[in-house]
Amino acid sequence: MKILSIETSCDDTGIAIIDTKGNKNPSFDVLSNIVSSQTIHQKYGGVYPAMAKREHQRNLVPVLIDALKKAKLLTLEQAQISDFKNIEKILEREPELYKKMITFLKKYAKPDIDLISVTNGPGLEPCLWVGVNFAKALSSFWNIPIVPVNHIESHILVNLLDLPAQAGNPKIKFPAIALVVSGGHTQIILVNGIGKYKILGETRDDAAGECFDKCAKILGLGYPGGPIISKLAEGYTLNAKPYTLKLPRPMISTKDYDFSFSGLKTAVLYAWQKTPASAKISGVAGMAAEVQQAIIDVLIKKTMRAVKNFNAKSLILGGGVSANQELRKQFLNRVQGLGSRVKLFVPKPDLSTDNGLMVAVAGYFNKNKKISWKKLVADGNLRIK
Ligand code: KG4
Ligand code: ZN
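Report on the accompanying structure.

About the thresholds
- Residues numbered from 1 in each chain as written.
- Chains lettered and ligands numbered in written order.
- Predicted model: local features only at pLDDT ≥ 70, side-chain atom pairs only at ≥ 80, totals over all residues.
- Heavy atoms only, no water.
- Helix = DSSP H or I, 4+ residues; strand = E, 2+ residues; numbered from the N terminus.
- Buried < 20%, exposed > 50% of the residue type's maximum accessible area, 1.4 Å probe, protein only.
- Pairing = 2+ DSSP bridges.
- Axes fitted to C-alpha atoms, helices over the stretch in contact; angles between N-to-C directions.
- Disulfide = S-S within 2.5 Å.
- Near = heavy atom within 4 Å.
- Polar contact = N/O pair within 3.5 Å; in protein donor to acceptor, adjacent residues only side chain to side chain.
- Areas by Shrake-Rupley, 256 points an atom, 1.4 Å probe, with all protein chains shown as cover.
- Nonpolar A, V, L, I, M, F, W, Y, C, P; charged D, E, K, R; others polar.
- 1 Å grid on protein atoms, 1.4 Å probe; cavity = no way out; pocket = protein on both sides within 12 Å on 5 of 7 lines; lining within 4 Å.
- Points joined across faces, edges and corners; volume = space filled by probe spheres on them.

In this section: unusual backbone geometry. With omega at -10°, the peptide bond leading from Gly121 into Pro122 counts as cis. Following the sequence through the fold, Pro122 ends up in the loop between β4 (115–121) and α4 (125–142). The residue after Phe174, namely Pro175, is reached through a cis peptide bond having omega 0°. If you trace the backbone, Pro175 turns up in the loop between α5 (151–157) and β6 (176–181). A positive phi angle, near 65°, is found at Met251, a position not held by glycine. Among the structural elements, Met251 can be located in the loop between α7 (225–239) and α8 (262–274). Positive phi, close to 50°, is recorded for Asn311, a residue that is not glycine. Note that Asn311 resides in the loop between α9 (277–309) and β9 (314–318). Asn311 sits in the exposed class, given a relative accessible area of 55%.

Pasting the structure below:
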């Protein structure tokens, strides 16, 4: 079964195509996975939804062409249909995308695809709608069924991508605890099986990735902040200069599974305002290392407590922040400390951040939840359950 997937929940335009084989023990052949990251947001130090929506409108058709070409599914053919009324209606709020789409549909044949999967939430609503409407237009024009995918679930299920292919690879055993840490979300989720989720706790204000981004902005480092802070911190640890400032670890000792990161950001702001300009240059790497460690400490403490309290057999990480090497290393140490009872699953770094492939994998596991494109809606606040 060939699945075409679309991801536009934030500032990455992602389209992937996979071929799946087997049913009980599926294997996934990745035919293409194209991600176009919008660099325009670097100038502003954060994502403005209206701007991101415009970029998705520009990117979707070129990314689709790349994905089809890479998968060897792009065939030239003069379309027999000249009536695009339906598509005009579906894309009435995305005029720029509509124009590009018509040119595309007139030029290329319907590809050999069995299912379209698309992220319909949670995320930035204007961005989600572009992807959803694009998927609806393709589904209606090509007459291919569609399945909506939850963004958080796809960050979890991407961990199932390589499992059958690798000999001796441990399967994910349940119950599992998933930590999804991204720019928009920080959630600890109890996973009792694929499709069986319960949110145990989440951030009450900023997400962990948002905290990385906002701290990086305060420190004058650019966007997205996570990778920049992580690189600086790595250099600092290598040089191992003593750094005396200790930032708070908000909510680290509370008995729930919730988080709060906005106080950490404020502490960084005040500390940085007090730092003399001359000390900023030499101090920024140390500050980056301390920000990163403060975030890691809280994430590890709460997550490992959930692993213990729910007798989890697997710990699954996902979301952009799980690309962080130091976070991965420290989680691995903690899990290895538990012996063979718990196994850690982490996506490859480029599959931790937003991509189309995770939506394809999640689409496969939700293939029985196909709906008519007419019923598909985006929901920025969608909850995993
Ligand atoms: O999952 P994602 O790509 O998009 C959302 O769903 O939000 O996550 C993006 C977030 C950003 O906040 C970015 O700074 C953070 O993930 N991030 C990182 C790293 N790479 C990306 N944070 C820490 N360390 C990294 N290496
Ligand atoms: Zn994400």
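By definition, the strands of a sheet pair up through backbone hydrogen bonds, in either a parallel or an antiparallel sense. Pairing in this open sheet of 5 strands is mixed, and the strands run β8-β7-β6-β9-β10 from one edge to the other. Lying at the two open borders of the sheet, with one neighbouring strand each, are β8 (196–202) and β10 (343–345). On average, each strand axis in the sheet is inclined to that of its neighbour by 20°, with strand direction left out of account. Inspection of the sheet shows β9 paired to β10 by 3 bridges, in the parallel sense. Bridge pairing in β10 links Ser314 to Lys343.

The subject of this paragraph is the state of the cysteines. Taken as a whole and judged by the stated rule, the model has 0 disulfides. Of all cysteine sulfurs, the one in Cys127 lies closest to Cys10, which takes part in no disulfide; the gap is 6.5 Å. Residue Cys10 is classed as partly exposed on the basis of its relative accessible area of 21%.

Another point: the site of ligand 1. Within the structure, ligand 1 sits among 19 residues, and Gly183, Asp213, Gly320, Asn324 and Asp354 are positioned closest to it. A distance of 3.1 Å separates an oxygen atom of ligand 1 from a polar side-chain atom of His155. Taking Asp213, its side chain carries an N or O atom lying 2.7 Å from an oxygen atom of ligand 1. Here ligand 1, which alone exposes 550 Å², has 90% of that area covered by the protein. For the shell around ligand 1, the secondary structure elements donating two or more residues are α5, α6 (208–218) and α7. Along the lines of polarity and charge, the residues of the shell around ligand 1 split into 5 nonpolar, 12 polar and 2 charged.

Let us now look at empty space enclosed by the protein. With the rule as written, the count across this model stands at 1 cavity of 30 Å³ or more. Considered as a void within the structure, the largest cavity measures approximately 40 Å³ in volume. Contributing to the lining of the largest cavity are Ile156, Leu157, Leu160, Ile172, Phe174, Val191, Gly193, Ile194 and Ile316. Contributing elements (two or more residues each) for the lining of the largest cavity: α5 and β7 (186–193).

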